[in-house]
Amino acid sequence: MEQIAQNLQAIEKNIEDACQRSNRAREDVTLISVSKTKPIEALRAAYAAGARDFGENKVQELVEKMPQMPGDVRWHMIGHLQRNKVKYIVGKVALIHSVDSMRLAEEISKESLKQGVVSDILLEVNVAAEESKFGTSLEAAKALYQAAQALPNLCVKGFMTIAPYTLEAEENRPYFAALRQLSVDIMGQNAHNVDKVILSMGMTGDYCVAIEEGATHVRVGTGIFGERNYFN
Ligand SMILES: *Cc1c(COP(=O)(O)O)cnc(C)c1O
């Protein structure tokens, strides 16, 4: 548990350095602690060390952990979301990162309307066009944005991508740059949104490069909590 605080400290330093290199303000980058498969004690250790944004990729795990953590935690749904589970997280999470179809956007809109809330979402884009990954294609992203943005009680805040797994972070730089360019192409004209566009990109292996390319939210799991406990 002490290791978690040390890891967070080291990552904080890396984030500060990456911000400095790219002339960005530290407060423009949010570190999301990705706590999937980790026991609540690990999340509490991260919270004690200052973490307030937590990311989970499964609805059930998310709703189980939520009441066990302090109320000021911001929860991020970062995993593939099935429409029949939307009702369990609307009104509870700060941001849904993984919207990749109009049917899913419509379901979130419908549930948000029912609950009288506005849901902030990101569109997940499969920038590298990997077959194994969810997400809309770069080409289809604009149409999805326009259609989803028109739905009631839904606010499309930006874009998310999961870059390919690689040992060489630099290899993912073009994908991060492409997502940023997409956000400018799609949302750039909209002066109201322009400086608030969210770009959720970068994980343990490549978050520094992602920040250099404009990430506003980085999602770091193993770098904070260590290897995942898939057998618990
Ligand atoms: C697990 C996960 C992460 C964190 O991955 P690490 O490589 O452990 O940092 C980030 N984003 C998503 C969508 C994930 O599912």
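Refer to the structure printed above.
Residues numbered from 1 in each chain as written. Predicted model: local features only at pLDDT ≥ 70, side-chain atom pairs only at ≥ 80, totals over all residues. Heavy atoms only, no water.

A. Expanded view of the overall build of the protein. Per the secondary structure count, the protein includes nine helices and eight strands. Whereas a compact globule of 232 residues would reach a radius of gyration of roughly 17 Å, the protein reaches 17 Å, a difference of no more than 12%. Along the longest, intermediate and shortest principal axes, the C-alpha atoms of the protein span 45 × 40 × 35 Å. Across the 232 residues of the protein, 47% fall into the buried class. Contacts in the protein between residues at least 24 apart in sequence constitute 59% of all its contacts with a sequence separation of at least 6. Split by element, the accessible area of the protein, about 11400 Å² in all, is 50% carbon and sulfur. Taking the average location of the 26 positive side-chain charges in the protein and that of its 30 negative ones, the two points are 6 Å from each other. (Helix = DSSP H or I, 4+ residues; strand = E, 2+ residues; numbered from the N terminus. Rg over C-alpha atoms; globule rule 2.2 N^0.38 Å. Buried < 20%, exposed > 50% of the residue type's maximum accessible area, 1.4 Å probe, protein only. Contact = heavy atoms within 4.5 Å. Areas by Shrake-Rupley, 256 points an atom, 1.4 Å probe, with all protein chains shown as cover. Lys, Arg positive; Asp, Glu negative; His and termini not counted. Charge placed at Lys NZ, Arg CZ, Asp CG, Glu CD.)

B. Main features of the site of the ligand. In the region of the ligand, the neighbouring residues are Val-34, Lys-36, Ile-78, Ile-162, Met-203, Thr-204, Arg-219, Val-220, Gly-221, Thr-222 and Arg-228. The contact in question runs from an oxygen atom of the ligand to an N or O atom on the side chain of Lys-36, over 2.6 Å. Between the ligand and Thr-222, the relevant distance is 2.4 Å, taken from an oxygen atom to a side-chain nitrogen or oxygen of the residue. Bound to the protein, the ligand loses 89% of the 390 Å² it would expose on its own. Looking at side-chain class alone, the shell around the ligand contains five nonpolar, three polar and three charged residues. (Near = heavy atom within 4 Å. Polar contact = N/O pair within 3.5 Å; in protein donor to acceptor, adjacent residues only side chain to side chain. Nonpolar A, V, L, I, M, F, W, Y, C, P; charged D, E, K, R; others polar.)

C. Up close: the pairing of strand 3 (residues 74-77). Sheet analysis places strand 2 (residues 53-56) next to strand 3, joined by four bridges and oriented parallel. The residue of strand 3 that forms the bridge with Asp-53 is Arg-74. In this region the chain leaves strand 2, passes through helix 3 (residues 59-65) and returns to the parallel neighbour strand 3; the handedness of that crossover is right-handed. Taken together, the two bridges between strand 3 and strand 4 (residues 95-99) define a ladder with parallel strand orientation. Its bridge partner lying in strand 4, His-76 is registered against Leu-95. (Pairing = 2+ DSSP bridges. Right-handed = clockwise from strand over helix to strand, strands pointing away.)

D. Highlighting the environment of Leu-151. Counting through the fold element by element, Leu-151 comes out in the loop between helix 6 (138-149) and strand 6 (154-160). Between the C-alpha atom of Leu-151 and that of Ile-108, which follows or precedes it by 43 residues, the distance is 9.5 Å. Apart from residues lying up to four places away in sequence, Leu-151 is in contact with Met-102, Ala-105, Glu-106 and Ser-109.

E. Structural context of the pairing of strand 2. Residues Asp-53 and Gly-55 of strand 2 are buried on one face, and the alternating residues Phe-54 and Glu-56, pointing to the opposite face, are buried as well. Bridge count for strand 1 (residues 30-34) against strand 2 is two bridges, and the pairing is parallel. Across the sheet, the residue bridging to Val-34 is Gly-55, located in strand 2. Traced from strand 1 through helix 2 (residues 40-48) to strand 2, the parallel crossover comes out right-handed.

F. Just unusual backbone geometry, in detail. Residues other than glycine seldom take positive phi values, yet Ala-129 does so here, at roughly 55°. Checked against the element boundaries, Ala-129 lands in the loop between strand 5 (119-124) and helix 6. On the basis of relative accessible area, Ala-129 is assigned to the exposed category, the value being 61%. Even without being a glycine, Asn-153 presents a positive backbone phi close to 60°. Checked against the element boundaries, Asn-153 lands in the loop between helix 6 and strand 6. Asn-153 sits in the partly exposed class, given a relative accessible area of 22%.

G. Here's a closer look at the pattern of salt bridges. Under the counting rule described, the total for this entry stands at 13 salt bridges. Between Lys-133 and Glu-130 there is a salt bridge, with its nearest N and O atoms 2.5 Å apart. By relative accessible area, which is 21% here, Glu-130 ends up partly exposed. Between Glu-170 and Arg-173 there is a salt bridge, with its nearest N and O atoms 2.8 Å apart. The class for Glu-170 is partly exposed, based on a relative accessible area of 42%. Several salt bridges converge on common partners, so that one network encompasses Arg-21, Glu-170, Arg-173, Glu-212 and Glu-213. (Salt bridge = Lys/Arg side-chain N within 4 Å of Asp/Glu carboxyl O.)

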